[in-house]
Amino acid sequence: MAKDKLPQQEKAPKVKPPKLTKEEQKAQKELIKSKAQEHKAWEASIVANKKVKREINRRRMRRIVLAIMIMSLMITSSAYIILLLVQENSIRISATYANDKSIGISIDRENWMPYLDVKGPDAMWNISYDSHVADSHGVQTVPSWDTALSTIGNFSVEDAYIGVTFFVKNTCELDYTFTSAIELEHQINGLDEAIRIMWTMQDETTGALLEKKVYAKKSDYAGLRFNDGIEFIAYPDGYFAGTFIMYDDEEYPVGLVPTTPFLDDSYAMRTEGYSLASGALIRCSLVIWIEGSDPECTSSVLNSYLKLGVKFSVDDEVATEEQDEIENQD
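Per chain, residues are indexed from 1 in the order of the written sequence. Given that the model is predicted, a residue must reach a pLDDT of at least 70 before its local features are reported, and side-chain atom pairs must reach 80 or more before they are shown or counted; all residues, however, enter totals for whole chains, interfaces and linings. The side-chain quantities take in all heavy atoms of the structure and omit both hydrogens and water.

A.B. asks: I tried to follow the packing of aromatic side chains on my own but got confused; where do I start?
C.D. replies: Aromatic ring pairs are defined here through the distance separating the ring centres and the angle between the ring planes. Only Phe, Tyr and Trp rings take part, Trp by its six-membered ring, and two of them pair if their centres are within 6.5 Å. Stacked means planes under 30 degrees apart, edge-to-face means over 60, and tilted covers everything else. In this structure the tally under the stated criterion is 14 aromatic pairs. With 5.9 Å between their ring centres and 80 degrees between their planes, Phe-232 and Tyr-235 make a pair best called edge-to-face. Like Tyr-235, Phe-232 is buried. Cluster of aromatic residues (ring-pair linked, three or more members): Tyr-221, Phe-232, Tyr-235, Tyr-239, Phe-240 and Phe-244. Relative accessibility under 20% of the residue-type maximum defines a buried residue, over 50% an exposed one, and the middle range a partly exposed one, all with a 1.4 Å probe and only protein chains included.

A.B. asks: Looking at this model, I keep getting lost on the pattern of salt bridges. Mind explaining?
C.D. replies: When charged atoms on two side chains of opposite charge get close, those side chains can pair. Salt bridges, as used here, are contacts in which a Lys or Arg side-chain nitrogen is within 4 Å of a carboxyl oxygen on Asp or Glu. If you walk through the whole model with that rule in mind, you get eight salt bridges. With a closest N to O distance of 2.9 Å, Arg-196 and Asp-294 form a salt bridge. Of this pair, Arg-196 sits in strand E9 (residues 195-203) while Asp-294 sits in the loop between strand E13 (281-290) and strand E14 (305-314), and the two are 98 residues apart along the sequence. Taken individually, Arg-196 and Asp-294 each receive the classification buried, so the pair is uniform in this respect. Between Glu-272 and Arg-270 there is a salt bridge, and its shortest N-O distance comes to 4.0 Å. Looking at Glu-272, the relative accessible area reads 55%, which means it is exposed. The structure contains a network of salt bridges with shared partners spanning Arg-109, Glu-204 and Arg-283. Each helix is a run of H or I in the DSSP string that is no shorter than four residues. Each strand is a run of E no shorter than two, and both are numbered from the N terminus.

A.B. asks: Is there a simple way to explain empty space enclosed by the protein in this structure?
C.D. replies: If you roll a probe as big as a water molecule over the atoms, it shows you where there is empty space left. Each cavity reported here is a set of points on a 1 Å grid over the protein atoms alone in which a 1.4 Å probe fits but cannot get out, each pocket an open set with protein on both sides within 12 Å along at least five of seven lines, and each lining residue one with an atom within 4 Å of a point. Grid points are joined across faces, edges and corners, and a volume is the space filled by probe spheres set on the points. The tally for this structure, following the rule as stated, stands at two cavities of 30 Å³ or more. Taken as a whole, the second largest cavity encloses approximately 60 Å³ of empty space. Taken together, Asp-130, His-132, Val-133, Pro-236, Asp-237, Ile-245, Tyr-247, Glu-250 and Pro-253 form the lining of the second largest cavity. Residue classes in the lining of the second largest cavity are distributed as five nonpolar, one polar and three charged. Note that Gly is not counted as nonpolar here; it falls among the polar residues with everything else outside the nonpolar set of Ala, Val, Leu, Ile, Met, Phe, Trp, Tyr, Cys and Pro and the charged set of Asp, Glu, Lys and Arg.

A.B. asks: What is the right way to read the side chain of Arg-283 from this model?
C.D. replies: In this fold, Arg-283 is placed in strand E13. We call two N or O atoms a polar contact when they sit within 3.5 Å, provided that within protein one can donate a hydrogen and the other can accept it, with sequence-adjacent residues counted only if both atoms are side-chain atoms. Here Leu-149 takes part through its backbone oxygen, which lies 3.1 Å from a polar atom of the side chain of Arg-283. Within polar-contact distance, the side chain of Arg-283 engages the side chain of Glu-204 at 3.0 Å. Throughout, a contact is declared for two residues whenever any of their heavy atoms are within 4.5 Å. With near-sequence residues (within four places) excluded, Arg-283 lies in contact with Arg-109, Leu-149, Ser-150, Ile-152, Thr-165, Phe-166, Phe-167, Thr-200, Met-201, Gln-202 and Glu-204.

A.B. asks: Help me out: how do you make sense of the confidence of the model for the protein chain in this one?
C.D. replies: Low pLDDT means the predicted atomic positions in that stretch should not be read closely. Within the protein chain, residue pLDDT values average 76, and 67% of them lie at 70 or more. Scored from 0 to 100, pLDDT reflects the predictor's confidence in each residue. In the model, residues 1-6 has pLDDT below 50 throughout and makes zero contacts with residues more than four positions away in sequence or in other chains. Of the regions scoring below 50 in pLDDT, residues 68-88 engages in 48 contacts with residues more than four places distant in sequence or in other chains.

A.B. asks: I tried to follow a nonpolar patch on the surface on my own but got confused; where do I start?
C.D. replies: A contiguous nonpolar patch, built from Phe-244, Met-246 and Tyr-252 and spanning about 290 Å² of accessible area, is present on the exposed surface. Mapped onto the secondary structure, Met-246 falls in the loop between strand E10 (209-216) and strand E11 (260-261). The exposure class assigned to Met-246 is partly exposed, which follows from its relative accessible area of 40%. Excluding any residue in a salt bridge, patches collect residues exceeding 30% relative accessible area, merging like charges within 9 Å and nonpolar Val, Leu, Ile, Met, Phe, Trp and Tyr side chains within 5 Å. Surface accessibility in these figures is a Shrake-Rupley result with a 1.4 Å probe; residues are shielded only by whichever protein chains are displayed.

A.B. asks: In this structure, what is going on with the nonpolar core? I would like to understand it.
C.D. replies: As a rule of thumb, nonpolar side chains are buried together in soluble globular proteins. Membership of the largest hydrophobic core comes to 38 residues, with the highest contact counts inside it found for Phe-166, Ile-197, Trp-199 and Phe-312. Secondary-structure elements contributing two or more residues to this core are strand E3 (103-106), strand E4 (115-118), strand E7 (161-170), strand E8 (176-188), E9, strand E12 (267-276), E13 and E14. Contacts of Ile-197, omitting those with residues within four sequence positions, involve Ile-182, Lys-213, Val-214, Tyr-215, Phe-262, Ala-268, Leu-286, Val-287, Ile-288 and Leu-308. By nonpolar core we mean a set of buried residues, namely Ala, Val, Leu, Ile, Met, Phe, Trp, Tyr and Cys, connected to one another through side-chain atoms within 4.5 Å. Core analysis: the second largest hydrophobic core is formed by 14 residues, Val-142, Trp-145, Met-198 and Val-214 among them.

Next comes the structure, spelled out in structure tokens:
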């Protein structure tokens, strides 16, 4: 039995697309061209973004490497090349009894105020009192006692030390005694263990020296136990190794002189009983530096902070009643 043939499907009639006009053909070409340009711009933006990202990554890597290098230098630097920053290193010099004007402070000996603010350098490197040590390590040294005392006003040197010479006057009509003090108002990170404070007081009338000392905090360094931890002003090269150099023009190294220890953790010094007659003047000189040869002057005190205050106060209370009587008689 013959199989029935399936009916053939009818083919759909071919429909020819409408013929485009010249204007439509031109518009279609412009559209294709525009899409091609947009695609190229998109590809270019991707490439540009990748370059930007690569550049940003490079910059980040450079910063990371630089930070690592700085940290490495900070950790491995020696006591003589370490950079020590002293923040807010202004020194305030103040006097009590500001209301009755019994004690005044001045730079020019004409304008007397209850306080002075001395701006120190923005940054301080460690230097050395011993000129031979300073020369051998390429750092600065401090002025001599006489030079500091004769230099009136603020003679601080950038990257080196804070220095000022000023005057204290009894501005009332009564004689009295007074106290001078250098107060350690605030410190962090152990900078107080590496500094030196040169302090000089001179009677302006007679020229007599009332005080001439360098103050330093006692040391915990094992090599100074023989001296009860009392620091020397400076240490010559090779001192702790037992091979320090003696120069031809020295009977002993310049800075190898004991300092006066700080009074306690609050005061570098505090001295009572200085006599000051009515109208009398005292010249005071202050030099503060970071002694690079100090065994505590290491990278452990980087970015330290230290705030000092120099203060004067009348010991014997100036009786307000007596002063009022004298002023009323005038």
